[in-house]
Amino acid sequence: MEKNLNLNLKVWRQKNAEDKGGFQEYKLKDISTDMSFLEMFDVLNEKLIVEGGDPIAFDHDCREGICGSCSMFINGRPHGPKQGVTTCQLHMRSFNDGETIVVEPWRASAFPVIKDLVVNRSAFDRIISAGGFVSVNIGNAQDANSILIPKVDADESFAAAACIGCGACVAACKNASAMLFVSAKVSQFALLPQGQPERKQRVLDMVAHMDEEGFGACTNTGACSAECPKEISLTHIARMNRDYLTAELSTESK
Amino acid sequence: MTSKLDSKIPEGNLEQKWTKYQSSVPLVNPSNKRSLEILIIGSGLAGASAAASLSELGYKVKVFCFQDSARRAHSIAAQGGINAAKNYQNDGDSTYRLFYDTIKGGDYRSREANVYRLASVSSNIIDQCVASGVPFAREYGGLLSNRSFGGTQVQRTFYAAGQTGQQLLLGAYSGLQRQVGMGNVKMYARHEMQDVVNIDGVCRGIIARDLTTGKLERHFGHAVLLCTGGYGNVFYLSTNAMGSNVTAAWKAHKKGAMFANPCFTQIHPTCIPVSGDHQSKLTLMSESLRNDGRIWVPMKKEDALALRENRIKPNDIKEEDRDYYLERRYPAFGNLVPRDVASRAAKERCDAGFGVNKTGEAVYLDFAFNTIRYGKMEATKKNMHNPTDLQIVEMGRAVVKEKYGNLFDMYQQITGVNPYEQPMMIYPAVHYTMGGLWVDYNLMTNIPGLYALGEANFSDHGANRLGASALMQGLADGYFVIPYTIGAYLSKEIMTKAIPTDHPAFEEAENIVKATIDELMAIKGTKPVDHFHKRLGLIIWNQCGMARNAEGLKKAISDVQQLRAEFWSSVRIPGSANEMNSELEKAGRVADFIELGELMCIDALSREESCGGHFREEHQTEEGEALRNDVDYKYVAAWEYFAGNNWELHKEELIYENIKIAQRSYK
Ligand SMILES: Cc1cc2nc3c(=O)[nH]c(=O)nc-3n(C[C@H](O)[C@H](O)[C@H](O)COP(=O)(O)OP(=O)(O)OC[C@H]3O[C@@H](n4cnc5c(N)ncnc54)[C@H](O)[C@@H]3O)c2cc1C
Ligand code: SF4
Ligand code: FES
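Keep in mind that this is a model prediction, so the values were computed, not measured. (Residues numbered from 1 in each chain as written. Chains lettered and ligands numbered in written order. Predicted model: local features only at pLDDT ≥ 70, side-chain atom pairs only at ≥ 80, totals over all residues. Heavy atoms only, no water.)

Chemist: I would appreciate a short explanation of the overall build of chain A in the present structure.
Modeler: Scanning chain A from N- to C-terminus turns up 8 helices and 7 strands. With the C-alpha coordinates aligned to their principal axes, the bounding extent of chain A is approximately 65 × 40 × 35 Å. A burial count over chain A gives 57% of its 254 residues as buried. Counting only contacts in chain A whose residues sit at least 6 apart along the sequence, the fraction spanning at least 24 positions is 70%. By element, 51% of the accessible surface of chain A is carried by carbon and sulfur atoms, the whole surface being about 10,100 Å². (Helix = DSSP H or I, 4+ residues; strand = E, 2+ residues; numbered from the N terminus. Buried < 20%, exposed > 50% of the residue type's maximum accessible area, 1.4 Å probe, protein only. Contact = heavy atoms within 4.5 Å. Areas by Shrake-Rupley, 256 points an atom, 1.4 Å probe, with all protein chains shown as cover.)

So, in structure tokens, the structure goes:
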């Protein structure tokens, strides 16, 4: 049942990329447990505006857990305390009356802060440009049912493709590695017949680009998958590692 | 004046119009393509697919979107599926049937030629998506799976669980990023188009604002494609993403592009009801749920009251005391009637006092019946002879989970209620806008060089869109239509050299944009932007929503005018224009929504009939169904803008040569 909460918020404020930034504290009263976390931020921002202050900048759009825009690091965890949900899907019923909530942006050198809680994640787009596609031109595809795909493969490929590109995996990782994100895309195609022709080159190119963007190395702590709102599995990292080794060997032997 | 609207529909019989057009449209040779520049505003299904196809053809392309990545365009949120006339289920589908269903679903207010083209390229879309690695749902035999959507009696909807839009957009986005990597497309994320630039009546570029720095930029293009989505957020509460807006289309409208059928908006029947004043948006529960969910309210008012006061639970109500009102009123289509019909029926029951949540504005969507049915089927498959009730329910729930798991999770996350155990509560909410910029058969607006694709145009859905056909239209426009039709225009532009952006027209356009921003920043009033947006939403929802009448619309027009004056004198925008400033972004969008809201009401007032989503209370049958007036209103209403918020109506007569128009019946 609906209740109201009083909360203490400690939010990271940073004017722009050059600013050093720091925490600012806010008190909020009568927050309904039916509100989403971002609606709670709307209330706070409205209050700040009316009082003549500067509202807190944060990324959001769909508020349905699918666009991957929202990106708050809440009480030390990307997307907050609940398993398998994004910040926008988190509701205030997951918090207690009187609680102090600490909110920071994603922290990773490959994701520089733009303002307050907004970071630059364009490195992810560039990794996709390096190989996260099937090179088919438009207009010459064959009938969609001409290649049968076993349901288990299609389902597993879909599970990998469910990644929303939010970057929580990077934020959760002490090395700021992007392995989970990259492996999800590599796996999606590796599991489909359409992905086979470019399978080796794809993994080599995407991994090389991931390194170039300054993401850290993977030391298998598993924090990424534990914090991923779409519960992308670590098996994709294992699959990518195998593909990478095979690809490296076969290109070396050429 | 109607000469301003030349729809350029090719001659010939319906089946051959498009194929003939394709083989006769002028082409641009490859070396000329390299010097022709195209600006694409929007990276949703329409924009991303157009960008991928046009850059592949060799054009120089720039793409703009306001999100931080092209992959986050609102198309990502589409849930249920995409239609195609593949007839993989062997259930009698065909191009003609898809065409017919779409025209009928749109209540005979769309163009035959456009809709036929859409139906005939629908199959190619699925082929293209599968080839680019979109993981659609499959059967155990490895073939693609299908399901049904409203307004049809065949299974032609392809899907990827409840994330079809996501998978399709990521497919188009990967094609786009591939071209970005090859240097054929330049991507401008976190950029918002603020105006189009016309020179001598021809569109030659845009002014955009870099949302990170606040800097205004000028971009030249031989053609400009607006793929900027729909304007459902005029209602404040809708299922659209928070940033979805009308600004690009509206600015083009104010520069001369006609806005067609603005009052044709779609209220989707199955959304999670409003929970309180803090509500910032509404969440759709996909139409696909109506395949297995049955909609009902209590038969007795006292039960409805008891439910509202939380004295009883829905499962306490006996079968014979439930009113499955869609099955009762529309036995042939049952729970799968089109959206406008289902929404109005829900409103009718709730207005009559049978609504079920604390606000009285909700009905049930109940999966219990089909859960048991699936459970029994599983038992048979597994050769279990005497399964217990519990086993049946468990197996049935597993099937339901496989089909709709993510939607059920989302419902539980938002409401805190487990929909496997209790029926979902749903209520209609704004979802889609059939109206949009007027375009001809080539998808060009009445301004040469300016195109509109996807939800941003008015073209294919008439007065009501059928489920799973927006994704189809977006990808059809981008992958299969614009690559041909743009040649008709650009083949004549090959001698036009890129116009330097210090041209006075660019200068003037930028100055006007800057002046508007400065004016907004200077108001320094007392109320945040959302305050006005919420008020606008209420006016439009109450008077120009599921039911409209002349008196209410007239009142709404004056209320909106008054709101506009208040907005421009008392909105408060903190910070400055030279930095990332989300309040300033919102203010610009709300300013445009307010103007659009007035035009929507004007359009609704002038259309003295009921059709599709446009229900004028004065025009209904005895049974409360929409009453069309084909003699006087069988036209597209295209509005031309004049300074000071004045409009003139132009009519494009709709001609039906292949379909006999009739009163829509789903009984
Ligand atoms: C919750 C939900 C579920 C849906 N489910 C289905 C479904 O199952 N099947 C179906 O067929 N349809 C569905 N629809 C409808 C469908 O998703 C949309 O109609 C369709 O995706 C619109 O695509 P689009 O490319 O036209 O625009 P969008 O995807 O809305 O993209 C608009 C683009 O324009 C950009 N943009 C907008 N304004 C500007 C500006 N001023 N400057 C720069 N860029 C700008 C945005 O950044 C974005 O990239 C659903 C809609 C909703 C809301
Ligand atoms: S793998 Fe998970 S955490 Fe990482 S970007 Fe994808 S959805 Fe986000
Ligand atoms: S706002 Fe889209 S995932 Fe959170």
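Chemist: Help me understand the side chain of Q413 of chain B in this model?
Modeler: Note that Q413 of chain B resides in helix 12 (residues 389-415). Residue class for Q413 of chain B comes out buried when judged on its relative accessible area of 11%. Reaching out from Q413 of chain B, the side chain makes a polar contact with the backbone oxygen of Q89 of chain A at a distance of 3.0 Å. Once residues lying within four places of it in the same chain are set aside, the contact partners of Q413 of chain B are K82, V85, Q89, L90, H91 and R93 of chain A. (Polar contact = N/O pair within 3.5 Å; in protein donor to acceptor, adjacent residues only side chain to side chain.)

Chemist: Please clarify how the site of ligand 2 should be interpreted in this entry.
Modeler: Neighbouring ligand 2 are 13 residues; C163, C166, G167, C169 and C228 of chain A lie closest to it. Counted by class, the shell around ligand 2 contains 11 nonpolar, 2 polar and no charged residues. (Near = heavy atom within 4 Å. Nonpolar A, V, L, I, M, F, W, Y, C, P; charged D, E, K, R; others polar.)

Chemist: Hey, could you run me through the interface of chain A and chain B in this one?
Modeler: A common way to report how large an interface is uses the accessible area buried once the components associate. Residue-level contacts link 73 residues of chain A with 77 residues of chain B. Summed over both partners, the interface of chain A with chain B comes to about 6,000 Å²; 52% of that surface belongs to carbon and sulfur atoms. Among the residues chain A hides against chain B, the three largest losses belong to E64, I138 and K151 of chain A. Together they make up 12% of the total. Among the ionic pairs, R190 of chain B bridges to D59 of chain A, the shortest N-O distance being 2.8 Å. Linking chain A with chain B are 39 residue pairs in polar contact (both at pLDDT 80 or more). Examining the composition of the side of chain A that touches chain B, we find that 6 residues originate from one element, helix 3 (residues 151-161) of chain A, more than from any other. Partitioned by chemical class, the residues of the side of chain A that touches chain B number 33 nonpolar, 20 polar and 20 charged. (Buried area = accessible area lost by both parts, 1.4 Å probe. Salt bridge = Lys/Arg side-chain N within 4 Å of Asp/Glu carboxyl O.)

Chemist: How should I be thinking about the packing of helix 2 (residues 122-131) of chain A against helix 6 (residues 164-181) of chain B in this particular structure?
Modeler: The relative placement of two packed helices is expressed as an angle between their axes plus a distance between the axes. At a minimum axis separation of 7 Å, helix 2 of chain A and helix 6 of chain B run at an interaxial angle of 85°. If you check the angle between helix 2 of chain A and helix 6 of chain B, you find them roughly perpendicular. Residue-level inspection shows F124, D125, I128 and S129 of chain A of helix 2 of chain A in contact with helix 6 of chain B, the latter providing Y173, Q177, V180 and G181 of chain B. Here the contact of helix 2 of chain A with helix 6 of chain B is composed, by residue class, of 4 nonpolar, 3 polar and 1 charged. (Axes fitted to C-alpha atoms, helices over the stretch in contact; angles between N-to-C directions. Parallel < 35°, antiparallel > 145°, perpendicular 65-115°, else oblique.)

Chemist: Where do I start with the domain arrangement of chain B in this structure?
Modeler: Residue and element names in this part refer to chain B. For chain B, the assigned domains are domain 1 (270-429) and domain 2 (502-653). Here the C-alpha centroids of domain 1 and domain 2 sit 35 Å apart. At the interface, 9 residues of domain 1 touch 10 residues of domain 2. Here domain 1 packs against domain 2, burying approximately 730 Å² in sum over the two surfaces, 57% of which is carbon and sulfur. Ranking the residues of domain 1 by area buried against domain 2 places D340, R344 and K347 at the top, with a combined share of 55%. Put simply, domain 1 and domain 2 have 1 salt bridge between them. Between E625 and R329 there is a salt bridge whose closest N-O contact spans 3.3 Å. Connecting domain 1 to domain 2 are 3 residue pairs in polar contact (both at pLDDT 80 or more). Put simply, the parts of the chain that give the side of domain 1 that touches domain 2 at least two residues each are helix 10 (339-354) and strand 15 (424-433). Top element by residues in the side of domain 1 that touches domain 2 is helix 10. It accounts for 4 residues. Among the residues forming the side of domain 1 that touches domain 2, the class breakdown is 3 nonpolar, 1 polar and 5 charged. (Domains from an automatic or database assignment.)

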